Amino acid sequence: MASRLLFVALFSLAVFHVSSVPSQLQDFCVADLNSQVFVNGFVCKNPNTVSADDFYFSGLDKAANTSNYMGSNVTAVSVTNLPGLNTLGISLTRQDFGSYGLVPPHIHPCATELLVVVEGTLQAVFISSTNYQMYDKILNKGDVFVFPQGMIHFQYNRNSTNAVAFSAMSSENPGLVYMANAAFGSNPSISDDVLAKTFQLDKKTVDLLQARFSTTH
């Protein structure tokens, strides 16, 4: 059953590819991750140096460690670790959830996400830009939910048992911005005055949150 559900996730990648990617000008454009040329994406690797390994990734059958504060772990397969995805407009993630694990509120600025649950139960939520409407659904094994591009969303395991999901993304590099990290962990920091006024907090609380989320300053 799990293999069939994984097939659904992989099939959705093909759907995204057909619907969102312009016609290819060549067979492939494997990303040259070491190039010093800056373009919108990655420049192509010399086809004479391309090998089958550029189109290969292994390990999505293995559960990731969820022994962290959020109780979750996301394994992403994108252009940065599967260079053959470059220009193809597709990528994939495996999401592991421990007891009451959470993938906290975040956005993918460059991609729509199609989620399929293969084990356990998840709460899937996104918030639209229209009156901040929240769309909330409980997903069981085999259920599918779509998060439109750029919408704030999260996935939460409301149970004490583990859960696993796979997501197809409509970009080879979907981007990821966690809301709390962006607000309280930016580098350089957003000023206390701005954050205190925005979130209606006192500056001492802001300082505590910045200390918790900061990783570079």
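Residues numbered from 1 in each chain as written. Predicted model: local features only at pLDDT ≥ 70, side-chain atom pairs only at ≥ 80, totals over all residues. Heavy atoms only, no water.

By the naming in an unreviewed UniProt entry, the chain is Germin-like protein, taken from Rhynchospora pubera. The record in UniProt for the chain states the following under Sequence similarities (unreviewed entry): "Belongs to the germin family." The chain has a UniProt comment under Subcellular location (unreviewed entry) that states "Secreted, Extracellular space, Apoplast". (UniProt positions renumbered as here; feature names shortened; annotations may be inferred.)

**Observations concerning the UniProt feature "binding site: Mn(2+)" (unreviewed entry) in the chain**
Feature annotation in UniProt assigns "binding site: Mn(2+)" (unreviewed entry) to the following positions: H106, H108, E113 and H153. Taken along the chain, the residues just named run across 48 residues; in space they keep tight, none of their C-alpha pairs more than 11.9 Å apart. Considering the arrangement of structural elements, one finds H108 in the loop between β3 (102-107) and β4 (113-119). Judged by relative accessible area, which is 7%, H108 ranks as buried. With sequence-adjacent residues up to four places away left out, H108 is seen in contact with E113, Q149, G150, H153, M169, P174, G175 and L176. Its place among the elements puts E113 in strand β4. Side-chain polar atoms of E113 contact the side chain of H108, separated by 3.1 Å. (Helix = DSSP H or I, 4+ residues; strand = E, 2+ residues; numbered from the N terminus. Buried < 20%, exposed > 50% of the residue type's maximum accessible area, 1.4 Å probe, protein only. Contact = heavy atoms within 4.5 Å. Polar contact = N/O pair within 3.5 Å; in protein donor to acceptor, adjacent residues only side chain to side chain.)

**Re the sheet that holds strand β10 (residues 177-178)**
The strands that make up a sheet pair up through hydrogen bonds in the backbone, lying either parallel or antiparallel. Spatial ordering of the open sheet is given by β6-β5-β8-β3-β10, a layout of five strands whose pairing is antiparallel. Sheet topology places β6 (134-139) and β10 at the edges, where each strand pairs with a single neighbour. When β3 meets strand β8 (residues 152-156), the two strands line up antiparallel, connected through three bridges. Bridging across to β8, H106 finds its partner in H153. (Pairing = 2+ DSSP bridges.)

**With respect to the state of the cysteines**
Scanning the model with the defined rule gives one disulfide in all. Covalent S-S linkage joins C29 and C44, the inter-sulfur distance amounting to 1.9 Å. Sign of the S-S torsion, about -110° for the bond between C29 and C44, identifies this disulfide as left-handed. With C29 in the loop between α1 (2-20) and β1 (72-77) and C44 in the loop between α1 and β1, the pair connects residues that are 15 residues apart, well separated along the chain. (Disulfide = S-S within 2.5 Å.)

**Focus: the pairing of β6**
The sheet contact formed by strand β5 (residues 122-127) and β6 spans six bridges and is antiparallel. If you follow L122 over to β6, its bridge partner there is L139. Joining the antiparallel neighbours β5 and β6 is a turn of six residues, in which N131 adopts a positive phi near 55°.

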